Amino acid sequence: MVNDSKQEMERIWAETCGSWENCTEENIQSFLAQCLEKSIDPQYCMSWVEQHDNQIPNWSAVSKVSLDWVNEHTSTGSPIIGHEPQ
């Protein structure tokens, strides 16, 4: 199952961004939206993209847009790591 999701995610990436160098604030949102439509977790997709951040021009802007998009469109947003309310 995970392998099928990864292949579908890579197909969506090829259609929306095409390459790491062509990844922009606009097409990263399209990529994430299409992943969500195909029931692929956008956070999983973002973590995959982040592995290539050194190949993406203007990564800081792309990253911010991505994070904002994920927070808006998923129920959990960023995972909470190791902190529970006291």
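Model, not experiment: these values are computed from the prediction.

Draft legend 1. Expanded view of unusual backbone geometry. Despite not being glycine, Ser39 has its phi angle at roughly 60°, a positive value. Mapped onto the secondary structure, Ser39 falls in the loop between helix H2 (25-37) and helix H3 (42-50). Residue classification places Ser39 among the exposed residues on the basis of a relative accessible area of 66%. With a phi angle near 60°, Asn58 is a residue other than glycine that sits in the positive phi range. Its location among the elements puts Asn58 in the loop between H3 and helix H4 (59-73). What makes Asn58 partly exposed here is its relative accessible area of 48%.

Draft legend 2. Here's a closer look at the packing of H2 against H3. The contact between H2 and H3 brings their axes to 9 Å, and the two run at 140°. On the basis of their axis angle, the class for H2 and H3 is oblique. In this structure, the crossing between H2 and H3 has a hand that is right-handed. Residues Ile28, Phe31, Leu32, Cys35 and Leu36 of H2 lie in contact with H3, whose contacting residues are Pro42, Cys45, Met46, Trp48 and Val49.

Draft legend 3. View of the side chain of Asn27. With respect to the helices and strands, Asn27 occurs in helix H2. Here Asn27 falls in the buried class, since its relative accessible area comes to 14%. In this structure, Asn27 is in contact with Thr16, Cys17 and Asn22, ignoring residues within four places of it in sequence.

Draft legend 4. Representation of the state of the cysteines within the structure. Enumeration according to the criterion identifies 0 disulfides in this entry. As a non-bridged cysteine, Cys23 has Cys17 as the owner of its nearest cysteine sulfur, 4.4 Å distant. With no disulfide partner, Cys45 has as its closest neighbouring cysteine sulfur the one in Cys35, 3.1 Å distant.

Draft legend 5. Expanded view of H4. For H4, with 15 residues, the first-to-last C-alpha span of 21 Å sits near the 21 Å given by 1.5 Å per residue. Listed in full, the buried residues belonging to H4 are Trp59, Val62, Ser66, Trp69 and Val70. Axial view of H4: buried residues confined to an arc of 100°, hence all on one face. Residues of H4 that are exposed and angled more than 90 degrees away from the buried face: Ser60, Lys64 and Glu72. Residues of H4 that are buried in the fold lie against H2 and H3.

Calculation criteria
Residues numbered from 1 in each chain as written. Predicted model: local features only at pLDDT ≥ 70, side-chain atom pairs only at ≥ 80, totals over all residues. Heavy atoms only, no water. Helix = DSSP H or I, 4+ residues; strand = E, 2+ residues; numbered from the N terminus. Buried < 20%, exposed > 50% of the residue type's maximum accessible area, 1.4 Å probe, protein only. Axes fitted to C-alpha atoms, helices over the stretch in contact; angles between N-to-C directions. Parallel < 35°, antiparallel > 145°, perpendicular 65-115°, else oblique. Left-handed = near helix turned anticlockwise from the far one by under 90°. Contact = heavy atoms within 4.5 Å. Disulfide = S-S within 2.5 Å. Expected span 1.5 Å × (residues − 1). Arc of directions from axis to C-beta.

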